[in-house]
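Topology and contacts: notes
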Amino acid sequence: MAKDSLQGFFFAKEIHNGNKGFIKYENTFEEQTVLFLINNQGICTAVNRMYNFFERDAVMKELTGKYKKISKNEWRFVSRGKEFAVILKEDEWYLKLIIKPRKTSRRGNN
């Protein structure tokens, strides 16, 4: 599944450190990186994708077209009965897109 959605990317490395690790894919042509964050059971707990700043408008447009916009830099979607948060952050050197399961409170306030 990752291979189909990451055309142009190639496997770079896999790192395990204690209870967590990651699998890294790179796209040198578009200067993008995708990290699959893995827990000690080998389950993917989040996906981080890094983009160049100049791609911000295109990324925002794509996210708004695919997902339900919640706030300026947050979207949500449901897959296989589970709700996910999609967050776009501006780090010092790049844009970082984070996709992870959404934590909900027991009272349902989130």
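The preceding data block contains the structure.
All values reported here derive from a predicted model rather than from experimental measurement.

1. Some points on the packing of aromatic side chains
- For the structure on display, the rule yields four aromatic pairs.
- Here the aromatic rings of Phe-11 and Tyr-25 are separated by 5.9 Å at their centres, their planes lie at 80°, and the arrangement is edge-to-face. Taken as a pair, Phe-11 in strand E1 (residues 10-17) and Tyr-25 in strand E2 (residues 20-27) lie far apart in primary sequence, 14 residues in all.
- Assessed through its relative accessible area of 45%, Phe-11 is described here as partly exposed.
- Taking 4.8 Å as the distance between ring centres and 25° as the angle between the ring planes, the aromatic pair formed by Tyr-67 and Phe-77 counts as stacked. You can see Tyr-67 sitting in the loop between helix H2 (56-66) and strand E5 (68-71) and its partner Phe-77 sitting in strand E6 (residues 74-79), a full 10 residues away along the chain.
- You can call Phe-77 partly exposed: its relative accessible area is 21%.

2. Things to note about the pattern of salt bridges
- Summed over the entire model, instances satisfying the criterion amount to six salt bridges.
- Taking the shortest distance from any N to any O, the salt bridge between Glu-62 and Lys-66 comes out at 3.3 Å. Of the two residues, Glu-62 and Lys-66 both sit in helix H2, four residues apart, roughly one turn of that helix.
- Judged by its relative accessible area of 53%, Lys-66 is exposed.
- In this structure, Asp-91 and Lys-96 form a salt bridge, with 3.9 Å as the shortest nitrogen-oxygen distance.

Reading guide: rules and limits
- Residues numbered from 1 in each chain as written.
- Predicted model: local features only at pLDDT ≥ 70, side-chain atom pairs only at ≥ 80, totals over all residues.
- Heavy atoms only, no water.
- Phe/Tyr/Trp six-rings, centres within 6.5 Å; stacked < 30°, edge-to-face > 60°.
- Helix = DSSP H or I, 4+ residues; strand = E, 2+ residues; numbered from the N terminus.
- Buried < 20%, exposed > 50% of the residue type's maximum accessible area, 1.4 Å probe, protein only.
- Salt bridge = Lys/Arg side-chain N within 4 Å of Asp/Glu carboxyl O.

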